[in-house]
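Here's the letter readout for the chains.
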Amino acid sequence: MNTAWLFVIVAALLFGIGVYGLIIAGHLLRKLFAINIMGNAIFILMVAASGSLDGSPDALPQALVLTGIVIAVSATAFALALMVRLYQLTGKATLQDDEDADD
Amino acid sequence: MNLAIDALIGLGLVILAWQTISGRSLFRGIVLFVVFGLTMALAWARMGAPDLALAEAAIGAGVTGALMLVAYRRLVQLHPEEPAQPNRRRSRLALPIAALAAGLVAVIGLGAVSAEREPGMAGLAVMSELADTGLGNPITGVLLKFRNLDTLLEVAVLLAAFLAARTVFADEEKSPTPPRGDLPLVGALLAIIIPLTILVAVHLLLAGSREPGGAFQAGAVLAACGVLLILSGRLQPATRMGLAVGLPLVLGLLVFSLVGLAALVMGAPLLALPGLWTVYLIETAMMISIALTLVLLFAGASGLRRGDS
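Fair warning: this is a prediction, and the values are worked out from it, not measured in the lab.

In terms of helices and strands, chain A carries 4 helices and 0 strands. Going from the N terminus to the C terminus, chain A shows its helices and strands as α-α-α-α. A total of 103 residues make up chain A; the buried ones form 64% of that total. Long-range pairs, those at least 24 residues apart, make up 58% of the contacts in chain A between residues at least 6 apart in sequence.

Turning our attention to the interface of chain A and chain B. Residue-level contacts link 75 residues of chain A with 85 residues of chain B. Summed over both sides, the interface between chain A and chain B buries roughly 7500 Å², with carbon and sulfur atoms accounting for 77% of that surface. Sorting the residues of chain A by area buried against chain B places R30, F33 and Y87 of chain A first, and these three jointly supply 10% of that buried surface. One can count 3 residue pairs in polar contact (both at pLDDT 80 or more) joining chain A with chain B. Take the side of chain A that touches chain B: its biggest share by element is 24 residues, from helix α3 (residues 59-90) of chain A.

Turning our eyes to something else, we now look at the pattern of salt bridges. Residue and element names in this part refer to chain B. If you walk through the whole model with that rule in mind, you get 1 salt bridge over all chains. Between R46 and D6 there is a salt bridge, with the nearest N and O atoms lying 2.6 Å from each other. Of this pair, R46 sits in helix α2 (residues 26-46) while D6 sits in helix α1 (residues 2-22), and the two are 40 residues apart along the sequence.

Inspection of the entire model under this criterion finds 4 aromatic pairs over all chains. Considering the side-chain rings of Y20 of chain A and W18 of chain B, the 5.7 Å spacing of their centres and the 25° angle between planes classify their relative orientation as stacked. Note that Y20 of chain A is positioned in helix α1 (residues 3-24) and W18 of chain B in helix α1, a pairing that runs across two chains. Of the residues examined, Y20 of chain A reaches a relative accessible area of 16% and is grouped as buried. Accessibility expressed as a relative area gives 38% for W18 of chain B, which makes it partly exposed. Ring centres of F27 of chain B and Y72 of chain B lie 5.8 Å apart, and the angle between their planes is 45°; this geometry places the pair in the tilted category. You can see F27 of chain B sitting in helix α2 and its partner Y72 of chain B sitting in helix α3 (residues 50-78), a full 45 residues away along the chain. Taking the relative accessible area as the measure of exposure, F27 of chain B reaches 41% and is therefore partly exposed. Under the relative-accessibility criterion, Y72 of chain B is labelled buried at 16%. Among the aromatic residues, ring-to-ring pairing joins F33 of chain A together with F33 and F36 of chain B into one connected group.

Moving on to empty space enclosed by the protein. With the rule as written, the count across this model stands at 4 cavities of 30 Å³ or more. By volume, the largest cavity amounts to about 190 Å³. The wall of the largest cavity is formed by 17 residues, among which A77 and A81 of chain A together with R74, L297 and G300 of chain B lie closest to the centre. Secondary-structure elements contributing two or more residues to the lining of the largest cavity are α3 of chain A together with α3, α7 (148-168) and α11 (276-299) of chain B. In this structure, the lining of the largest cavity is formed jointly by two domains, domain 1 (1-82) and domain 2 (136-309) of chain B, each of which donates at least three residues.

Here we take up the nonpolar core. Judged by nonpolar contacts, the single largest core of 125 residues is most densely connected at L14, L29, I44 and M83 of chain A together with F36, W44 and I59 of chain B. Summarising the domain contributions, this core has at least three residues from each of domain 1 (1-82) and domain 2 (136-309) of chain B. Excluding residues within four positions of it along the chain, L14 of chain A makes contact with I37, A41 and I44 of chain A together with L13, V14, A17 and F36 of chain B.

Attention shifts here to the environment of I35 of chain A. Structurally, the position occupied by I35 of chain A is in helix α2 (residues 28-49). Judged by its relative accessible area of 45%, I35 of chain A falls in the partly exposed class.

With that out of the way, let us pick up the side chain of T293 of chain B. Residue and element names in this part refer to chain B. Mapped onto the secondary structure, T293 falls in helix α11. By relative accessible area, which is 3% here, T293 ends up buried. In this view, T293 contacts L158, F162 and L249; residues no more than four positions away in its chain are not counted.

Here the focus is the domain arrangement of chain B. All names here are of chain B. Here chain B is partitioned into domain 1 (1-82) and domain 2 (136-309). Taking only C-alpha atoms into account, the centre of domain 1 sits 23 Å from that of domain 2. Between domain 1 and domain 2, the contact holds 12 residues from the first and 17 residues from the second. A buried area of about 1200 Å², summed over both sides, lies between domain 1 and domain 2, and 70% of it is on carbon and sulfur atoms. Of all residues in domain 1, D51, L54 and R74 bury the most surface against domain 2, accounting for 43% of the area lost on that side.

Rules of the game
- Residues numbered from 1 in each chain as written.
- Chains lettered and ligands numbered in written order.
- Predicted model: local features only at pLDDT ≥ 70, side-chain atom pairs only at ≥ 80, totals over all residues.
- Heavy atoms only, no water.
- Helix = DSSP H or I, 4+ residues; strand = E, 2+ residues; numbered from the N terminus.
- Buried < 20%, exposed > 50% of the residue type's maximum accessible area, 1.4 Å probe, protein only.
- Contact = heavy atoms within 4.5 Å.
- Buried area = accessible area lost by both parts, 1.4 Å probe.
- Polar contact = N/O pair within 3.5 Å; in protein donor to acceptor, adjacent residues only side chain to side chain.
- Salt bridge = Lys/Arg side-chain N within 4 Å of Asp/Glu carboxyl O.
- Phe/Tyr/Trp six-rings, centres within 6.5 Å; stacked < 30°, edge-to-face > 60°.
- 1 Å grid on protein atoms, 1.4 Å probe; cavity = no way out; pocket = protein on both sides within 12 Å on 5 of 7 lines; lining within 4 Å.
- Points joined across faces, edges and corners; volume = space filled by probe spheres on them.
- Domains from an automatic or database assignment.
- Core = buried A, V, L, I, M, F, W, Y, C linked by side-chain atoms within 4.5 Å.

Laid out in structure tokens, this is it:
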């Protein structure tokens, strides 16, 4: 068991938590938390699985993840704007299907 | 011993993620998410990726947390009586699906880790190539030399996200101005913090060619300056975007595109950067654009104007 294996396991657990949170979350902000956690899990996976933890540094996955972090923030910012707008228009920050599912 | 530290950080990440998802209060969720981001930064540092640690701390935790807090405040302002109903969907399938997803990630990751690596992998080829370019930081080198189109479009995505967010609120009435910072210490504190923050941002930018750092980290740190100025009322959100805001907003895209096209005119491949000075030029322009975009996203406004202080 070395560092790479450890972080792959952590990534898998984080991804599972993210998927679970995405499904059970009612509030859209919680869904955003979940999506961001899933994204972070994949970022960890990319770097951990690239073999750069075992000595030979590999700049490619790190550069990819750096781009990914910025894209994730951009998408989150837009999603937050959509959520606030939805709340303004309907008074709810949940999706229609979710309310039906609760019945 | 090292593995024990990594295991602690990993355990912390998992617990924080679970708390963020399952906690009752939305506000607590945001705070925990920011702590999760900072712990991610620690994990990146442990994984030997200081560039990612800086980016995660500044962008992943800082900017995302600030944006989430602003969105939360607007939700509370719209309906103060019930900001967050702790509703959860019940689903029998949630746990099996999550377990399957986690298993899939684990299989992919463990398969990739245990795979035999050929000595001529792309990363090593890039490292040997980068030695000639004068860029000591391989991440910056890869971003600007080999994935330059991706980096250009990344700035475009950030700009597109801002424009889309503004379009959503096109017919919104003017957002309420934040409370004026009348406390006697605010001015003195800003006078110290703002120059230091700018210094850190410029250092991150200049260091980015040799050491961990770069335009995105520097832009996020610079954006913190703008956020402080907005919170203290020195800068006010404005409904109209003047040239003074619009031009810096697209400066990164503009400079990067122009330099890239100039390379094409001079017979080099598109977006080939002729020298180190163009790297600094592009990174500086990108830093300004990124910082301004993030500040405007935080302000939820199309423009900025001076506060009347």
